[in-house]
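Reading the structure
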Amino acid sequence: MELHLNEDRRKHPRAGRMGLVVRLEGQTFEVTNWSMGGFLLNDYKGPLTPGALVTVAGIGCRKTDMHEVDLPARVVRTDDGVIAVNYLGLDAKAYDFLTDALNQCGEMRNLV
């Protein structure tokens, strides 16, 4: 099966301008491609493979200003240092943070 990371199969709109940081597996990563459904890491060098279950332990705008969260997630795709991670659930803190971040970017308006 050929992997096409550029293929647009997204269920959730992506934020185009605001960066994000996430903490998983004891490491903090900067993320530019993210949505309410998950994120893509471009610089991952680790053992995670598709199907692996992970916990996102932190989320925020900067490494120095992260919200502690406990988000179950799954690696859905990998390719040469790039992994795609989907949240399996969002707690209230993460949902509020991501909704606010998307609204600030002007890419999505929260209609809930």
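The structure reproduced in this document is the subject of the present report. (Residues numbered from 1 in each chain as written. Predicted model: local features only at pLDDT ≥ 70, side-chain atom pairs only at ≥ 80, totals over all residues. Heavy atoms only, no water.)

**Things to note about the packing of aromatic side chains**
To keep it simple, the criterion reads: Aromatic pairs are defined between Phe, Tyr and Trp rings, using the six-membered ring for Trp, whenever the two ring centres lie within 6.5 Å; interplanar angles under 30 degrees are classed as stacked, those over 60 as edge-to-face, and all others as tilted. Secondary structure follows DSSP: runs of H or I at least 4 residues long count as helices, runs of E at least 2 residues long count as strands, and numbering of each begins at the N terminus. We call a residue buried when its accessible area falls under 20% of the maximum for its residue type, exposed when it is over 50%, and partly exposed in between, using a 1.4 Å probe and counting protein chains only.
Counted under the stated rule, the structure contains two aromatic pairs. The interplanar angle of 50 degrees and the centroid separation of 5.8 Å between the aromatic rings of Phe29 and Tyr44 together place this pair among those described as tilted. Taken together, the positions of Phe29 in strand β2 (residues 27-31) and Tyr44 in the loop between β4 (38-41) and β5 (53-62) put the pair 15 residues apart, joining distant regions of the chain. In this structure, Phe29 and Tyr44 share a single accessibility class: buried.

**Focus: the pairing of strand β1 (residues 20-24)**
Applicable threshold: For two strands to count as paired, DSSP must find a minimum of two bridges between them.
Most of β1 is tucked away, with four of its five residues classed as buried. Sheet topology places β1 next to β5; four bridges connect them, and they run antiparallel. Each residue of the ladder has a partner; that of Leu24, found in β5, is Val56.

**Considerations on the environment of Val22**
What counts, and what does not: Working rule for contacts: check all heavy atoms of both residues, and any pair within 4.5 Å makes them a contact.
Relative to the helices and strands, Val22 is located in strand β1. The class of Val22 is buried, set by a relative accessible area of 0%. The spatial distance from the C-alpha of Val22 to the C-alpha of Arg62 is 9.1 Å, given a sequence separation of 40 residues. For Val22, the contacting residues outside a window of four places in its chain are Gln27, Thr28, Phe29, Val31, Phe39, Leu41, Val56, Gly58, Ile59 and Met66.

**Brief notes about the pattern of salt bridges**
Quick reminder of the rule: Throughout this description, the term salt bridge denotes a Lys or Arg side-chain nitrogen within 4 Å of a carboxyl oxygen of Asp or Glu.
Inspection of the entire model under this criterion finds two salt bridges. For the salt bridge of Glu68 with Arg23, the shortest nitrogen-to-oxygen distance reads 3.4 Å. Residue Glu68 is found in strand β6 (residues 65-79), and its partner Arg23 is found in strand β1; the two are separated by 45 residues along the sequence.

**A word on unusual backbone geometry**
In this structure, Glu25 is a non-glycine residue whose phi angle is positive, near 55 degrees. By relative accessible area, Glu25 is classed as partly exposed at 47%.

**What to know about the nonpolar core**
The test is simple: Note on terminology: a nonpolar core comprises buried Ala, Val, Leu, Ile, Met, Phe, Trp, Tyr and Cys residues joined through side-chain atoms within 4.5 Å.
Val22, Phe39 and Leu41 are the most contacted members of the largest nonpolar core, which has 27 residues in total. Those elements giving two or more residues to this core turn out to be β1, β2, β4, β5, β6, β7 (82-87) and α1 (92-105). At five residues, α1 tops the list of elements feeding residues into this core.

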